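Now for the letters of each chain:
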Amino acid sequence: MIELIPAIDIINGQCVRLTKGDYAQKTVYGHPLAMAQEFERIGYRRLHVVDLDGAKSRHIVNSGVLAQITGETQLRVDFGGGVKTDEDIEEAFRCGASMVTVGSIAVTEPDRFLGWLDKYGAERIILGADVRNGRISINGWKDDSAEDLLPFLKKYVDAGVSQVLCTEISKDGTLGGPAVDLYRQVMAAYPTLHLIASGGVSSMADIQELDRAGIPAVVFGKAIYEGKINLQELWDWQNA
């Protein structure tokens, strides 16, 4: 059964969603802690938190919100956005993150990323692979690298990475359906990978399609806040 991971994206301490990573297309949905507590009340045990201010600023900004969520819920939080230095990743773990998602540094400073992988272990480091036109995007999706997805993944899977969060940027925040074919390609290439699909989920049917495709996990956010997914119904389906 696919692992369900609701998402909270943070700007200025508020829960928001962007469309295709565009900061100009922002919708505010309230306070992150209230959302996290609601997820926990229903039964969810894991949460994906993204510091969008951090991703844009290239250093962690909303660590206080992370600490509040981890201090006032029992959720296992994977945190990303702005993790660029040793101090950033130490701060994320100090503020209660169970796992940290790292994307840009894996492109720009591979030796640093591999050092973190060695220091913290594959169970605590998630490789972020944000894809646009088949290539990895970095720095809050503002820049496209020369790295193609599958070779990029191979390099790090061979180095011991076991978890990858893959976001298809053209789908993210659109409610247009996930990039199922892309995720199938990744799983065909790396069948033991704990792949976390992200971007475009608009309904429970989308999540069920990913489940049928054998995708291990899915992150979803906007569909929750726009009322496209009933969290209790989804939880009941998973636990039936």
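For the structure itself, consult the block above.
Predicted, not measured: the structure shown is a model, and the values here were computed from it.

About the cut-offs
Residues numbered from 1 in each chain as written. Predicted model: local features only at pLDDT ≥ 70, side-chain atom pairs only at ≥ 80, totals over all residues. Heavy atoms only, no water. Helix = DSSP H or I, 4+ residues; strand = E, 2+ residues; numbered from the N terminus. Rg over C-alpha atoms; globule rule 2.2 N^0.38 Å. Buried < 20%, exposed > 50% of the residue type's maximum accessible area, 1.4 Å probe, protein only. Contact = heavy atoms within 4.5 Å. Pairing = 2+ DSSP bridges. Salt bridge = Lys/Arg side-chain N within 4 Å of Asp/Glu carboxyl O. Phe/Tyr/Trp six-rings, centres within 6.5 Å; stacked < 30°, edge-to-face > 60°. Lys NZ or Arg CZ within 6 Å of the ring centre and 35° of its normal.

Asker: In this structure, what is going on with the overall build of the chain? I would like to understand it.
Answerer: On a plain count of helices and strands, the chain comes out with eleven helices and twelve strands. The C-alpha atoms of the chain give a radius of gyration of 16 Å, which matches the 18 Å a tight globule of 240 residues would have. Along the first, second and third principal axes, the C-alpha atoms of the chain reach 40 × 40 × 35 Å. Counting every position in the chain, which comprises 240 residues, the buried fraction comes to 59%. In the chain, the proportion of contacts linking residues at least 24 apart, taken out of those at least 6 apart, comes to 66%.

Asker: Teacher, can you tell me more about the pairing of strand E2 (residues 14–19) here?
Answerer: Remember that side chains alternate between the two faces of the sheet whenever the strand is regular. Across the six residues of E2, five count as buried, placing the element largely inside the fold. Sheet analysis places strand E1 (residues 3–11) next to E2, joined by three bridges and oriented antiparallel. The partner of isoleucine 10 across the bridge, within E2, is cysteine 15. The loop that links E1 with its antiparallel partner E2 comprises two residues; one of these, asparagine 12, has a positive phi angle of about 50°. Sheet topology note: the E2/strand E3 (residues 22–30) ladder contains five bridges and is antiparallel. Its bridge partner being in E3, threonine 19 is matched across the sheet by aspartate 22.

Asker: Which parts of the structure should I look at to understand the side chain of serine 198?
Answerer: Its location among the elements puts serine 198 in strand E11 (residues 194–198). In contact with serine 198, not counting residues within four places along its chain, are Leu165, Cys166, Thr167, Glu168, Asp172, Tyr183 and Val219.

Asker: For this particular structure, what's the right way to read the pattern of salt bridges?
Answerer: A pair can form between side chains of opposite charge whenever their charged atoms are brought close. As enumerated under the stated definition, the model contains ten salt bridges in all. Taking the shortest distance from any N to any O, the salt bridge between arginine 112 and aspartate 86 comes out at 3.0 Å. Residue arginine 112 is found in helix H6 (residues 110–120), and its partner aspartate 86 is found in helix H4 (residues 86–94); the two are separated by 26 residues along the sequence. By relative accessible area, which is 28% here, arginine 112 ends up partly exposed. Residue aspartate 86 is classed as partly exposed on the basis of its relative accessible area, which comes to 33%.

Asker: Looking at this structure, how should I read the packing of aromatic side chains?
Answerer: Each aromatic ring pair is described using two quantities: the centre-to-centre distance and the angle formed by the ring planes. Per the counting criterion, the structure on display carries five aromatic pairs. The interplanar angle of 70° and the centroid separation of 4.9 Å between the aromatic rings of phenylalanine 113 and tyrosine 156 together place this pair among those described as edge-to-face. Of this pair, phenylalanine 113 sits in helix H6 while tyrosine 156 sits in helix H7 (residues 149–158), and the two are 43 residues apart along the sequence. The pair phenylalanine 113 / tyrosine 156 is uniform in exposure class, with both members buried. On the basis of an interplanar angle of 75° and a centroid distance of 5.5 Å, the ring pair of phenylalanine 152 and tyrosine 156 is categorised as edge-to-face. On the criterion of helical spacing, the pair formed by phenylalanine 152 and tyrosine 156 is a turn pair, its members being four residues apart in helix H7. Members of the aromatic cluster, connected to one another through ring pairs, are Phe113, Phe152 and Tyr156. The side chain of arginine 124 reaches across the aromatic face of phenylalanine 93, ending 4.0 Å from its centre.

Asker: Just checking my understanding: could you explain unusual backbone geometry for this structure?
Answerer: With glycine set apart, most residues show a phi of negative sign, and most peptide bonds adopt trans. Its identity is not glycine, yet arginine 58 carries a phi of approximately 70°, on the positive side. As for its position among the elements, arginine 58 is in the loop between helix H2 (52–57) and helix H3 (63–72). Phi is positive for leucine 175, which is not a glycine, with a value near 60°. Looking at where leucine 175 falls in the secondary structure, it is placed in the loop between strand E10 (163–168) and helix H8 (180–189). Given the relative accessible area of 23%, leucine 175 is considered partly exposed.

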